[in-house]
Amino acid sequence: MQEQTPFTQEKIFELYGDYLLNHGERPKNVYLFAKENGFEEKEFYHFFSGFDQIEKEMLDHLFRKSLELAAEVNSSPEILTKEKLLNVYFIFFENLTMNRSLVLSILGTTKAQEIRALQNLRETHRRFVATLDFNEWEMIEKAKQDIRRFNEKARQETLWLHLVSAIDFWKKDTSPDFEKTDIFIEKTIDTGFELIENEPLRKVIDLGKFLWKEKFR
């Protein structure tokens, strides 16, 4: 007798994603979703309480996978904190692009839908930012005292808002391979860090020109 494959969270992600892409809407209820896919409704509840929770977990899952993929290179002592951040973001947005139709469906068309979908990711992102050593940067050492005392919670919130802005840019990006999103991420991260160094003028002007061209093209 063939051994039955264990039912997993990833399998539900796969089945639910397929349903959204094929039907353009959520299943009517968990019972019908389970029945159509050949498993018991109770098995669904081992992992999720409902469809809302699946959608919150799916984007968070992609970010956690990106952290895992970046972990090896980011563990090197030669890697600076800004580079660690960029490594994670570039992998994450590659994962978003590989699942673009599904991600856009989950993010929805309203701000309320997007905020709900990003809820779990926000907490994982906060924990990730808390692992970064901002004191290792020469620019922090040079900065004014009030910048050096920059509140940890404020830093986490600022970087979270930056990630959300990058996701919004990616959603609207029409460039091949979404290459302009990579440029956006790199330029805005660079600008943010240069602002701390208090020498931002050149990159702020450069960033402003880039964003202006993208908005009015």
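Computed from a predicted structure; not experimentally measured.

(A) Geometry of the overall build of the protein. A tally of helices and strands in the protein yields 13 helices and zero strands. Of the regular secondary structure in the protein, the N- to C-terminal order runs α-α-α-α-α-α-α-α-α-α-α-α-α. The burial tally for the protein puts 41% of its 217 residues in the buried class. For the protein, restricting intrachain contacts to residue pairs at least 6 apart in sequence, the fraction spanning at least 24 positions comes to 66%. With an accessible surface of roughly 13,300 Å², the protein has 52% of that area assigned to carbon and sulfur atoms.

(B) Just the nonpolar core, in detail. Core analysis: the largest hydrophobic core is formed by 49 residues, its most contacted members being Phe-33, Phe-44, Ile-54, Leu-59, Phe-92, Phe-93 and Leu-96. Counting residues per element, this core draws most heavily on helix α11 (residues 152-172), at eight residues. Excluding residues within four positions of it along the chain, Phe-44 makes contact with Ile-12, Val-30, Phe-33, Phe-39, Ser-49, Gly-50, Phe-51 and Ile-54.

(C) Seen up close, the packing of helix α4 (residues 51-74) against helix α8 (residues 119-130). Look at α4 against α8: their axes get within 7 Å of each other, and the N-to-C directions meet at 25 degrees. Relative to α8, α4 is oriented roughly parallel. Along the contact surface, α4 presents Lys-56, Glu-57, Leu-59, Asp-60, Phe-63, Arg-64 and Leu-67, while α8 presents Gln-119, Asn-120, Leu-121, Thr-124, His-125 and Phe-128. Of the residues assigned to the contact of α4 with α8, the class counts are five nonpolar, four polar and four charged.

(D) Geometry of the pattern of salt bridges. All chains considered together, the criterion is met by 15 salt bridges. Measuring nitrogen to oxygen at the nearest pair gives 3.7 Å for the salt bridge that ties Glu-14 to Lys-11. You can see Glu-14 and its partner Lys-11 sitting in helix α1 (residues 9-23), three residues apart, about one turn around the helix. Given the relative accessible area of 43%, Glu-14 is considered partly exposed.

(E) Quick peek at the confidence of the model for the protein. Across the protein, the average pLDDT comes to 82, with 76% of residues at or above 70. Here residues 137-144 is modelled with pLDDT under 50, and outside its nearest four sequence neighbours on either side it reaches 16 contacts, counting other chains as well.

(F) Highlighting the packing of aromatic side chains. With the rule as written, the count across this model stands at 15 aromatic pairs. Consider the rings of Phe-33 and Phe-39, whose centres lie 5.9 Å apart with planes at 85 degrees: the pair is edge-to-face. Assigned by exposure class, Phe-33 and Phe-39 land together as buried. Taking the centre distance of 5.9 Å and the plane angle of 80 degrees together, the rings of Phe-44 and Phe-51 count as edge-to-face.

(G) Region of the structure containing unusual backbone geometry. Even without being glycine, Asp-177 reaches a positive phi, approximately 55 degrees. Relative to the elements of secondary structure, Asp-177 occurs in the loop between α11 and α12 (179-197). The phi angle at Phe-178 is positive, at roughly 55 degrees, despite the residue not being glycine. Given the relative accessible area of 17%, Phe-178 is considered buried.

Calculation notes
- Residues numbered from 1 in each chain as written.
- Predicted model: local features only at pLDDT ≥ 70, side-chain atom pairs only at ≥ 80, totals over all residues.
- Heavy atoms only, no water.
- Helix = DSSP H or I, 4+ residues; strand = E, 2+ residues; numbered from the N terminus.
- Buried < 20%, exposed > 50% of the residue type's maximum accessible area, 1.4 Å probe, protein only.
- Contact = heavy atoms within 4.5 Å.
- Areas by Shrake-Rupley, 256 points an atom, 1.4 Å probe, with all protein chains shown as cover.
- Core = buried A, V, L, I, M, F, W, Y, C linked by side-chain atoms within 4.5 Å.
- Axes fitted to C-alpha atoms, helices over the stretch in contact; angles between N-to-C directions.
- Parallel < 35°, antiparallel > 145°, perpendicular 65-115°, else oblique.
- Nonpolar A, V, L, I, M, F, W, Y, C, P; charged D, E, K, R; others polar.
- Salt bridge = Lys/Arg side-chain N within 4 Å of Asp/Glu carboxyl O.
- pLDDT = per-residue confidence, 0-100.
- Phe/Tyr/Trp six-rings, centres within 6.5 Å; stacked < 30°, edge-to-face > 60°.

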